[in-house]
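Each chain is listed here by its residues.
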Amino acid sequence: MTRSTAAKIAVRGIWMTFPPMERTQPGIIVLEDINLEVADGELICIVGPSGCGKSTLLNIAGGFLEATSGEIRIDGLPVAGPDPRHIFIFQESSVFPWLTVEDNVGFGVKRSDPAERKRVVDHYIEMVGLTGFGKAFPRELSGGMKQRVEIARAFAAEPDVLFMDEPFGALDYLTRMKLRSELTQIWQRERKTVLFVTHDVEEAVQLSDRVVVMGKRPSRIRDLVTVDVPRPRDLDNPVCRHLRDHIFRVMGLDHSGQSIERPGAADGTDLGEGSQTVLIRKAGG
Amino acid sequence: MRSKVESLLLPLTVAVGFICGWHLAVRWSGTDIFPTPKEVVLGTVELARKGVLIKYIVASLFRVSAGYLLAVFIGIPAGLLMGWFGRARMAFNPALQVLRPISPIAWIPVAILWFGVSDLAPIFLIFLASLFPITTSAMAAVQNIQINYIRAARNFGITGLELFRKVVFPAALPQILTGLRLALGVAWLVVVAAEMISVNSGLGYLIIDARNAGKRYDLVVAGMAMIGLIGLGLDWLVRRMETLDEVRWGLSGR
Ligand SMILES: Nc1ncnc2c1ncn2[C@@H]1O[C@H](COP(=O)(O)OP(=O)(O)OP(=O)(O)O)[C@@H](O)[C@H]1O
Ligand SMILES: [Mg+2]
C-alpha cells in the first residue's frame, strides 16, 4: 500500500489474544496480524461473521482495549486511550437517559460560549432530523430516534474520526435504510474518517469507499474491496450486486447465505492475506 | 374517568367499613379500655388543644430528619465509592453485610449506654437504621451502571470527579432513590421504637406515656394513627421525587 505517509489511521500488525476461560486451555486468538491504512476522510466498512473480532478491532482503535501486539496510529500517534477527537458509537445505544436530547447532543461540545454551544447543538439536532425534540428525554423517543441522538452527539463533539460498531444493528429494516442514507449525506458533507463495523454486507457496499472483509476466527483480512460507485447508491446497481456476491463468497457464503465448501474458490481467486479486489464501475453501468 | 373515581371510591369504602367494624366490635365486646373511633378523634383533638400533638410530631420529625440526613450524607458517598472502587468494596462490604441484618432495635441498649437519655440516642439509631440500606443501594447502583455510559463519557474526555458528577451519580440515581425510600420507611419505624425508651417527647413517647399514665388507650391509638398518616406523607414525598424526568427512566412501571 502506498498511503503510508498520508494515512489517517494506520493499523500495523495487530494481534489480539483473549485469556482462556479455564487456565489449562490456550488463549483465544481473535485477531491475527491485521494491517490496514485508512486515508483521511475515507469511509471504511468492516464486515465478517459474528464473533470474528470486528468489535475487538474497533475497540482497540478506539482506545478501549489494548492489543496483544502491534499498534494503531492515528495522525501518526499511537492510540493510548479514548480520545475526544475519535468518537465511538456503540452497538447498543449509550445515549444518557437522564439528559434531554439537547443536553445529550451538547455533552461533548467543546465550545464554552453559550451562544456558540447552542448553535452547534441545534445544528446537529437538525442534521439528524430531530428538530423540536430538543427538550425530550430519550425515554420518550423510538429506537431509531435514540440512535440519531447518538449520531448527533458524536458529530457535535467535532471529532475527526468516528468508530461505529453496528450502530443500526438493533433497528428495524426501514429505519435502518433511512439512517443509512442519512449517514451517507452527513458524511458527504462533513468528510470525517469513519470506521464502520457491520455484519450486513449490503450495508457495507452501500456505505463505504472500501470494505474490509474478515474471515472466521482467528481473523485475518481476507479481502479489501474498493467500491467505486457514486453515491447515493442503488443496491440493484449491477456493480453493487456483483461486489455483494463477491464479499459473500469471500466470507464463505453464497448470496443466499448458504455455506460454500472452500471459501474464495468459487470465483477462482485464492484469497491470500492482503489481496485486493478493485472493481471499477463500467461507464454508464 | 372511571378508574380515577374507582381509585378513590374503593379505598374509601374499605376505610369506612373498617371504622364501622371497629366501632361495632368495641360496642359488642363491652370493653371500657379500648376506645371507639370517635373517642380516638376526641383524644386527638384534646392533644391538639393542649399543644402537645404538634410538639411531639415536630420532635419525632426532627429526630428522623437529623439521623436520616446524616445517613444520606455519609451513606451515598460511601456507597458510590464502594461501588466504583473494587478495593474499597472488598475492604468494607463484609463489615457492612454483617452489621446490616442487626435490627436497629437491638442497638437500643448500646445507644443508651453511649448517649444516655437524650436526643442523641434515637438520632443515632435512626442514623444506623438508614445508613445500611442507603449505602448498599448506592453501591449496587454503581455496580449496575451500563458500562456504555462510562465508556461514552470517557470517550468525550470526562474523567475523575467530573465523571462522578456528570455520569456515575446520575446513572446511579434511580436505584439510590429506591434505597432512600426504603431507608425513610425504616427510619420512621425506628424513631417510634427509640422514643418509647430513651426520651420524653415524640410520638413514640406519647404512646408509651399515655399507656403508663392512666391507661389512656384513646391517646395510644391517636398516636398510632398519627404515625401511620405521617409515614404515608413521607412516602408520598419520596414518590414525588421518583416522577422527576432525571430518574424516571430507571424506575420501571411507575
Ligand atoms: N473480553 C473478552 N474476553 C474473552 N473473549 C472475548 C472478549 N471479548 C470478545 N471475546 C471473544 O472474541 C471474539 C470476537 O468478539 P467480537 O465482539 O470482536 O466479535 P464481533 O466480530 O464484533 O461479533 P458480532 O458481529 O457478533 O458483534 C468472540 O469470539 C468473543 O468470544
Ligand atoms: Mg460486535
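Look up a bit, the structure's there.
Keep in mind that what you see is a predicted model, and the values were worked out from it rather than measured.

S.K.: Looking at this structure, I do not really get the overall build of chain A. What am I missing?
M.R.: Within chain A one finds seven helices and 11 strands. Across the 285 residues of chain A, 54% fall into the buried class. Residue pairs in contact within chain A that sit at least 24 positions apart in sequence constitute 68% of those at least 6 positions apart. Within the structure as shown, chain A displays about 13000 Å² of accessible surface, and the carbon and sulfur contribution to it stands at 50%.

S.K.: For this particular structure, what's the right way to read the interface of chain A and chain B?
M.R.: The extent of an interface is frequently quoted as the accessible surface area lost upon association of the parts. Taken together, the 23 residues of chain A in the interface contact 19 residues of chain B. Summed over both partners, the interface of chain A with chain B buries about 1900 Å², with 65% contributed by carbon and sulfur atoms. In terms of surface lost to chain B, no three residues of chain A exceed W98, F107 and R139 of chain A, which account for 37% of the buried area on that side. R139 of chain A is paired through a salt bridge with D245 of chain B; the nearest N and O atoms lie 2.5 Å apart. Counting every contact that joins chain A to chain B gives six residue pairs in polar contact (both at pLDDT 80 or more). Broken down by secondary-structure element, the contributors of at least two residues to the side of chain A that touches chain B are β6 (86-89) and α4 (143-156) of chain A. At three residues, the largest contribution of residues to the side of chain A that touches chain B is made by β6 of chain A.

S.K.: For this particular structure, what's the right way to read unusual backbone geometry?
M.R.: Note on backbone geometry: most residues besides glycine have negative phi, and most peptide bonds are trans. Residue and element names in this part refer to chain A. Looking along the chain, the bond that leaves R231 and enters P232 is cis, with omega of -5 degrees. Mapped onto the elements, P232 comes out in the loop between β10 (221-228) and α7 (238-250). One non-glycine residue, E158, adopts positive backbone phi at about 50 degrees. With respect to the helices and strands, E158 occurs in the loop between α4 and β7 (161-165). On the basis of relative accessible area, E158 is assigned to the partly exposed category, the value being 33%.

S.K.: Where do I start with helix α6 (residues 120-143) of chain B in this structure?
M.R.: In an α-helix, one turn spans 3.6 residues; hence positions three or four apart end up facing the same way. Residue and element names in this part refer to chain B. Over its 24 residues, α6 runs 34 Å from end to end, which matches the ideal 34 Å to within 8%, given 1.5 Å per residue. At L131, α6 shows its strongest bend, of approximately 30 degrees, with the proline P133 following within four residues. Burial analysis of α6 places 21 of its 24 residues in the buried class, the great majority of the element.

S.K.: Explain the site of ligand 1 to me, please; I cannot follow it from the model alone.
M.R.: Residue and element names in this part refer to chain A. The environment of ligand 1 is formed by F18, V30, S50, G51, C52, G53, K54, S55, T56, Q91, E166 and R217. In the environment of ligand 1, an oxygen atom lies 2.9 Å from a nitrogen or oxygen atom belonging to the backbone of G53. The side chain of S55 places a nitrogen or oxygen atom 2.6 Å from an oxygen atom of ligand 1. Top element by residues in the shell around ligand 1 is helix α1 (residues 54-62). It accounts for three residues. Per-class residue counts for the shell around ligand 1 are three nonpolar, six polar and three charged.

S.K.: What am I meant to see in helix α5 (residues 173-190) of chain A here?
M.R.: Residues and elements named next belong to chain A. Compared with an ideal rise of 1.5 Å per residue, which puts 18 residues at 26 Å, α5 spans 25 Å between its outermost C-alpha atoms and is within 8% of the ideal. Taken together, the buried positions of α5 are occupied by T175, R176, L179, R180, E182, L183, T184, I186 and W187. Those residues of α5 hidden inside the fold are in contact with β3 (43-47), α3 (114-127), α4, β7, β8 (193-197) and α6 (201-207). Where α5 begins, the side chain of D172 points an oxygen toward the backbone nitrogen of L174, at a separation of 3.2 Å. Downstream of α5 by a residue or two, R191 has a phi angle that is positive, lying close to 50 degrees.

S.K.: Explanation requested: the environment of I76 of chain B in the structure shown.
M.R.: Residue and element names in this part refer to chain B. Mapping I76 onto the fold places it in helix α3 (residues 52-84). The sequence separation of I76 and A91 amounts to 15 residues, and the corresponding C-alpha distance is 17 Å. Excluding residues within four positions of it along the chain, I76 makes contact with A71, I134, A138, F169, I176 and L180.

S.K.: Sorry, what's going on with the pairing of β6 of chain A here?
M.R.: For a regular strand, side chains alternate in direction, first toward one face of the sheet and then toward the other. All names here are of chain A. Because side chains alternate across β6, one face comprises the buried residues H86 and F88, and the other comprises I87 and I89, equally buried. Where β6 lies against β7, four bridges are found, and the strand directions are parallel. Looking at β7, one finds that I87 is bridged to L162.

S.K.: Quick question: what am I supposed to make of the packing of helix α5 (residues 108-115) of chain B against α6 of chain B here?
M.R.: When two helices pack together, their arrangement is given by the angle between the helix axes and the distance between those axes. Residues and elements named next belong to chain B. With their axes 9 Å apart at the nearest point, α5 and α6 run at an angle of 135 degrees to one another. It follows that α5 is oblique to α6 by the angle criterion. Read as a crossing pair, α5 and α6 show a hand that is right-handed. Only L120, A121, F124 and L125 of α6 make contact with α5, whose side of the interface consists of I108, A111, W114 and F115.

Conventions adopted
Residues numbered from 1 in each chain as written. Chains lettered and ligands numbered in written order. Predicted model: local features only at pLDDT ≥ 70, side-chain atom pairs only at ≥ 80, totals over all residues. Heavy atoms only, no water. Helix = DSSP H or I, 4+ residues; strand = E, 2+ residues; numbered from the N terminus. Buried < 20%, exposed > 50% of the residue type's maximum accessible area, 1.4 Å probe, protein only. Contact = heavy atoms within 4.5 Å. Areas by Shrake-Rupley, 256 points an atom, 1.4 Å probe, with all protein chains shown as cover. Buried area = accessible area lost by both parts, 1.4 Å probe. Salt bridge = Lys/Arg side-chain N within 4 Å of Asp/Glu carboxyl O. Polar contact = N/O pair within 3.5 Å; in protein donor to acceptor, adjacent residues only side chain to side chain. Expected span 1.5 Å × (residues − 1). Bend = angle between axes of the 7 residues up to and from the residue. Near = heavy atom within 4 Å. Nonpolar A, V, L, I, M, F, W, Y, C, P; charged D, E, K, R; others polar. Pairing = 2+ DSSP bridges. Axes fitted to C-alpha atoms, helices over the stretch in contact; angles between N-to-C directions. Parallel < 35°, antiparallel > 145°, perpendicular 65-115°, else oblique. Left-handed = near helix turned anticlockwise from the far one by under 90°.

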